[in-house]
Amino acid sequence: MRPLGRIVLGLAVAGAVGAAAVVAALTWVPLRRGAPVAAAEPGNPQRGAYLARTAGCIACHTDLAGGGKPLAGGPPLDTAFGTFRGPNLTTDADAGIGDWSLDDFATAVRRGVSPSGAPLYPVFPYTFYAGLTDQDVADLYAAFRTVAPVATSAPAHDIPFPFSWRPALKLWRLLNMPDPQVTGGGDGTGSDRGRYLVENVVHCGACHTPRGPLGGRIEARRLEGGDDLPGGGSAPPITAAALAADGWTEPALAASLQTGIGIDGDAFGGAMGEFVSDTTRFLTEDDRLAIAAYLLGDAAAAR
């Protein structure tokens with residue numbers, strides 16, 4: 001064999017070996033679990049039920065239109081990467097999460113890692129829930145422990161290759177997964193509470209922040225609006241400057257989160273209309289005002 005041929009062959013073999021090593025590493029290197037939950041008090045299912053509603057858990061994991069049972073599996077969510085279904089979160093040990101410990105639950109919610117160590121698809125907004133307090137996680141867990149078991153698994157995701165190969169999510173996480181940082185505000189008030197709700201619980205940025213080609217949020221354009229939402233459609237910018245320019249005030253914004261009616265008198269449509277109906281209308285008045293205070297925090301300067 002000529003020298004050039006040996007060089008080409010050597011490069012091909014090295015490339016194949018390197019690719020195999022990457023595949024093996026992605027397949028076998030385990031993901032880091034979260035720290036054990038150290039809540040100040042036992043989980044409160046009433047507080048947890050409020051969080052489950054306002055964090056979108058019920059909306060995404062209950063197929064209301066299809067007559068599904070509570071938290072037994074969600075409606076189809078069509079995205080550019082395939083169609084996802086919220087899994088069964090009932091207390092059934094096989095089809096649901098009945099055999100999960102509190103720490104298993106916390107690792108899934110805040111780290112996006114299943115008890116078996118598999119990465120979860122980021123259509124589940126664990127990159128936002130990463131900032132939930134230990135107490136809120138314990139409260140959520142306590143609430144889910146009260147859900148009646150449903151022994152039927154949710155329909156499987158319908159995802160084409162290569163997105164169907166879960167180990168590749170480890171690469172996605174390197175680019176897009178923040179370190180878990182609890183910023184406080186879980187039991188705060190005013191704009192501090194609003195920050196916690198917007199950035200973690202209600203996860204406004206999931207729709208209102210643009211995303212790159214692999215689905216990661218473009219943080220430099222935080223809350224500047226998003227396109228290509230699941231099912232189609234788009235979300236407008238909700239930066240303080242944009243809200244101020246449109247004439248929003250804190251009372252008006254807080255009211256719209258309950259009624260679904262904008263300052264122009266028209267009802268929100270599409271995904272936002274559903275989000276108000278399924279989620280934000282259940283917020284307390286204090287929490288709606290806290291969200292408005294945070295989003296409009298520098299609105300006066302933006303006018």
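Every value quoted in this text rests on a predicted model; they were computed, and no experiment measured them.

> Quick one: what's the story with the packing of aromatic side chains, residue by residue and with numbers?
Under the counting rule described, the total for this entry stands at six aromatic pairs. Pairing Phe81 with Phe163 gives two aromatic rings, centres 5.0 Å apart and planes at 80°, and the pair type is edge-to-face. Placement of Phe81 in the loop between strand S1 (76-79) and strand S2 (82-85) and of Phe163 in the loop between helix H6 (134-144) and helix H7 (169-176) is noted, with a sequence separation of 82 residues between them. Given a relative accessible area of 33%, Phe163 falls into the partly exposed group. Ring plane angle 65° and centroid distance 5.7 Å describe the contact between Phe124 and Tyr129, whose orientation is recorded as edge-to-face. Assessed through its relative accessible area of 6%, Tyr129 is described here as buried. Taken together through their ring pairs, the aromatic side chains of Phe105, Tyr141 and Phe144 make up a single cluster. We note Arg53 situated over the ring of Phe282; from NZ or CZ to the ring centre the distance is 4.2 Å. The ring of Phe128 carries the charged tip of Arg217 above its face, separated from the ring centre by 4.0 Å.

> Outline the pattern of salt bridges, supporting the account with residue identities and numerical values.
Counted according to the given criterion, the structure contains nine salt bridges. Of the charged contacts in the structure, one is a salt bridge between Asp287 and Arg193, with a shortest N-O distance of 2.9 Å. Remark: Arg193 occurs in helix H8 (residues 190-201) and Asp287 occurs in helix H13 (residues 285-295); sequence separation between them is 94 residues. Taking relative accessible area as the criterion, Asp287 reaches 7% and is therefore assigned buried. One network of salt bridges, with partners in common, ties together Glu41, Arg47 and Asp139.

Cut-off values and rules
Residues numbered from 1 in each chain as written. Predicted model: local features only at pLDDT ≥ 70, side-chain atom pairs only at ≥ 80, totals over all residues. Heavy atoms only, no water. Phe/Tyr/Trp six-rings, centres within 6.5 Å; stacked < 30°, edge-to-face > 60°. Helix = DSSP H or I, 4+ residues; strand = E, 2+ residues; numbered from the N terminus. Buried < 20%, exposed > 50% of the residue type's maximum accessible area, 1.4 Å probe, protein only. Lys NZ or Arg CZ within 6 Å of the ring centre and 35° of its normal. Salt bridge = Lys/Arg side-chain N within 4 Å of Asp/Glu carboxyl O.

Remember, this is a structural readout, not a statement about activity or role.
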